[in-house]
Amino acid sequence: MRVQGGSASDPSALWIIADDYGKIYIGNQLTTANVEWLQLGDSAPISLTSGINMTGSSNSETINGSAFNDTINGMGGSDTLIGGLR
């Protein structure tokens, strides 16, 4: 599972990506804490308000950070990483 913040067309959105399974979209999550916790199946809950660990893919992407204390790892590709979105 990967967590990515925003895109050029929707910079404050948050995407939860389960490769080969699909995506969950949470609008405005990066600027307003609409959802505090996320838990999928038996996995440990992920806090979406105390800093998010975001991971890109091997593609070229723009990943926006949130208003919280995030860690952003672009992985491969020619990425644009934007921290501290408010």
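Residues numbered from 1 in each chain as written. Predicted model: local features only at pLDDT ≥ 70, side-chain atom pairs only at ≥ 80, totals over all residues. Heavy atoms only, no water.

Draft legend 1. Up close: the nonpolar core. Listed in full, the 10 residues of the largest apolar core are Val3, Leu14, Ile16, Ile26, Leu30, Leu38, Leu48, Ile52, Met54 and Ile63. Beyond its immediate sequence surroundings of up to four residues, isoleucine 26 is in contact with Ala13, Leu14, Val35 and Leu48. (Core = buried A, V, L, I, M, F, W, Y, C linked by side-chain atoms within 4.5 Å. Buried < 20%, exposed > 50% of the residue type's maximum accessible area, 1.4 Å probe, protein only. Contact = heavy atoms within 4.5 Å.)

Draft legend 2. Main features of the environment of aspartate 42. By the element assignment, aspartate 42 lies in the loop between β4 (37-38) and β5 (46-47). The exposed category is assigned to aspartate 42, whose relative accessible area is 84%. Taking the C-alpha atoms as reference points, aspartate 42 and methionine 1, separated by 41 residues in sequence, lie 13 Å from one another. (Helix = DSSP H or I, 4+ residues; strand = E, 2+ residues; numbered from the N terminus.)

Draft legend 3. Structural view of unusual backbone geometry. A positive phi angle, close to 60°, is found at asparagine 28, a residue other than glycine. Topologically, asparagine 28 is positioned in the loop between β3 (22-26) and β4. For methionine 75, which is not glycine, the phi torsion reads 65° and is therefore positive. Locating methionine 75 in the fold gives a position in the loop between β8 (71-73) and β9 (80-82).

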